[in-house]
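Chains, contacts and geometry: an overview
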Amino acid sequence: MAHTRQNQRSLTKAQKRRFVDAVLALKRQGRYDEFVRTHIDFYQGDGDGGLRVAHMTPSFFPWHRKFLLEFERALQRIDAGVSVPYWDWTADRSPTSSLWGEDFLGGNGHSSDRRVTTGPFARGGGHWTITEAVTDGDFLMREFGRPRQPVSLPSAAQLAGALGESRYDAEPWNSTASSGLRNKLEGWPVRRGDGTWFNHNLVHRWVGGHMLGAGSVNDPVFWLHHSFVDLCWSRWRAKHPKADPYLPLRRPGLGDSQHGRVLAAGDVMPPWNTPVRDMLDHSTLYRYA
Ligand code: CU
Ligand code: CU
C-alpha cells in the first residue's frame, strides 16, 4: 500500500521523534553513510565527461526519486510508520522555523566555523559524526543565507516559473538548457557566469555548509528538500498532462555532444538498474499530503 509523505510543518512531536530516531539508527548501522557515498559517487557534472545520471541531466528527477525511495525503505525497515517529510521552502523561510527546532533538525551553524551545535545532528550529541566528505571537521555544518554574499530562499513566483514550463527538458540536456522544467527546477544559471542559482540549487546554497557540495546528504535536510523537489515534479506532471513525461525519448546519436552522456526513458539508472520510466509515476508507491 502506498504510504504518505507529509509536510514537515504538520508533523506531530511524536512523528518528528520517530523520523529522527530512524535516521539516527540508520547512521549507527553505517547504512546512512552508504547513502552519502552513493551521492558523492554520482556527482558528475557537465565538465566531467562521460554519463551523467544524477545532476545536470534529464534523469535528475527520476534518479533522486529512486534514491529517496531507497532511503525511505531503509528507514521503514527500522520503523514501518516513518516516511520522508517534505520542506516547502516557499512557505517555511525562517531560520527559526520549527524545521530547525531542537526536537527536529537542529539550527544554524555557529558563525565562526559553521558548526551545528543544536538538535539531534550536532556532533556534540555523539550521534552524528561526519565520515564521508569530511572537510573542516567531522561535525555537521550550516550557514543559513550565506551572510558574506547573502542569498534568499527561492520565491513562490520563481518556483511557479519552473512549473509553467511546457516541456520536461530541452537540448542540450545539461546545465545550460534554457527552457524546460528540469533545468529551471534543478536551478543552474542559464547564462554562464551570471553567478545566480534557482529553485533546487538555491536551497542548497541557502542552507550552506555540507549542503553545498557532493556530500550534501550528510545534512538530513537533504531528504526533506528533495522530497519537496519530487513533489514539485509531480505537480508539473499534473499541470501538463499532454506533455511527454520524460525527454529525450531516444538517446542522443553519434555526433551529438550529448552522445553517451544522458539517459532516455528506456535506459536503466545505475546503481540500481532501474529504468527511468519506472520512476515516472509514484502513485502506487507513495502519495503527498
Ligand atoms: Cu543530488
Ligand atoms: Cu539536491
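Preceding block: the structure.
What counts and how
Residues numbered from 1 in each chain as written. Chains lettered and ligands numbered in written order. Predicted model: local features only at pLDDT ≥ 70, side-chain atom pairs only at ≥ 80, totals over all residues. Heavy atoms only, no water. Donors = N, O, S within 2.8 Å, 3.2 Å for Na, K, Ca; no water. Helix = DSSP H or I, 4+ residues; strand = E, 2+ residues; numbered from the N terminus. Buried < 20%, exposed > 50% of the residue type's maximum accessible area, 1.4 Å probe, protein only. Phe/Tyr/Trp six-rings, centres within 6.5 Å; stacked < 30°, edge-to-face > 60°. Contact = heavy atoms within 4.5 Å. Salt bridge = Lys/Arg side-chain N within 4 Å of Asp/Glu carboxyl O. Axes fitted to C-alpha atoms, helices over the stretch in contact; angles between N-to-C directions. Parallel < 35°, antiparallel > 145°, perpendicular 65-115°, else oblique. Nonpolar A, V, L, I, M, F, W, Y, C, P; charged D, E, K, R; others polar. Arc of directions from axis to C-beta.

1. Some words on the coordination of the copper ion (ligand 2)
Distances from the copper ion (ligand 2) to its protein donors, His-200 (NE2), His-204 (NE2) and His-226 (NE2), fall within 2.0 to 2.1 Å. In primary sequence terms, the donor set of the copper ion (ligand 2) follows H-x3-H-x21-H. Separating the copper ion (ligand 2) from the copper ion (ligand 1) is a distance of 4.0 Å. Within this pair, whereas His-200 is found in helix α6 (residues 199-207), its partner His-226 is found in helix α7 (residues 221-239), the two being separated by 26 residues in sequence. With relative accessibility at 3%, the residue His-226 sits in the buried group.

2. Looking at the coordination of the copper ion (ligand 1)
Here the copper ion (ligand 1) is held by the protein donor atoms His-39 (NE2), His-55 (NE2) and His-64 (NE2), which lie 2.1 Å from it. For the copper ion (ligand 1), the donor residues sit on a single chain with the sequence spacing H-x15-H-x8-H.

3. Side note on the packing of aromatic side chains
Considering all chains together, one arrives at 30 aromatic pairs under this definition. With a centroid separation of 5.7 Å and 75° between ring planes, the pair formed by Tyr-86 and Tyr-288 is classed as edge-to-face. Residue Tyr-86 is located in the loop between α3 (60-78) and α4 (156-163), and its partner Tyr-288 is located in strand β4 (residues 286-288); the two are separated by 202 residues in the primary sequence. The same class applies to Tyr-86 as to Tyr-288, namely buried. Within the aromatic cluster, the residues linked to one another by ring pairs are Tyr-32, Phe-35, Phe-42, Trp-63, Phe-67, Phe-71, Phe-121, Trp-128, Phe-222, Trp-223 and Trp-272.

4. Side note on the environment of Asn-218
Tracing the chain through its elements places Asn-218 in the loop between α6 and α7. Contacts of Asn-218, omitting those with residues within four sequence positions, involve Tyr-32, Asp-33, Val-36, Trp-128, Ile-130, Glu-132, Ala-133, Leu-140 and His-210.

5. What about the pattern of salt bridges?
Enumeration over the complete set of coordinates arrives at 20 salt bridges. Residue Arg-148 pairs with Glu-143 through a salt bridge whose shortest N-O separation is 3.1 Å. Among the residues examined, Arg-148 registers a relative accessible area of 65% and is labelled exposed. Classification of Glu-143 as buried rests on a relative accessible area of 13%. Between Asp-267 and Arg-251 there is a salt bridge, and its shortest N-O distance comes to 3.1 Å. Of this pair, Asp-267 sits in the loop between α7 and β2 (268-269) while Arg-251 sits in the loop between α7 and β2, placing them 16 residues apart in sequence. What makes Asp-267 buried here is its relative accessible area of 12%. Each of Arg-5, Arg-65, Glu-72 and Asp-230 takes part in one network of salt bridges that share partners.

6. What to know about the packing of helix α1 (residues 13-28) against α3
Two quantities define a packed helix pair, namely the angle between the axes and the distance from one axis to the other. In contact at an axis separation of 9 Å, α1 and α3 are set at 100° when each is read in the N-to-C sense. For the element pair α1 / α3, the angle class is roughly perpendicular. The residues of α3 that touch α1, namely those facing Phe-19, Ala-22, Val-23, Ala-25 and Leu-26, are Phe-71, Ala-74, Leu-75 and Ile-78. Per-class residue counts for the contact of α1 with α3 are nine nonpolar, no polar and no charged.

7. Comments concerning helix α2 (residues 31-41)
In an α-helix there are 3.6 residues to a turn, and that puts residues three or four apart on one side. Those residues of α2 not exposed but buried are Tyr-32, Asp-33, Phe-35, Val-36 and His-39. Each buried residue of α2 lies within a common arc of 150° when the element is viewed along its axis, so the set occupies one face. Buried-residue contacts for α2 involve α1, α3 and α7.

8. Observations regarding the environment of His-282
When you line up the elements, His-282 lands in the loop between β3 (274-275) and β4. The class of His-282 is buried, set by a relative accessible area of 10%. As a C-alpha pair, His-282 and Phe-198 span 84 residues in sequence and 25 Å in three-dimensional space. Every residue in contact with His-282, bar those within four places of it in the chain, is listed here: Arg-65, Asp-230, Ser-234, Arg-287 and Tyr-288.

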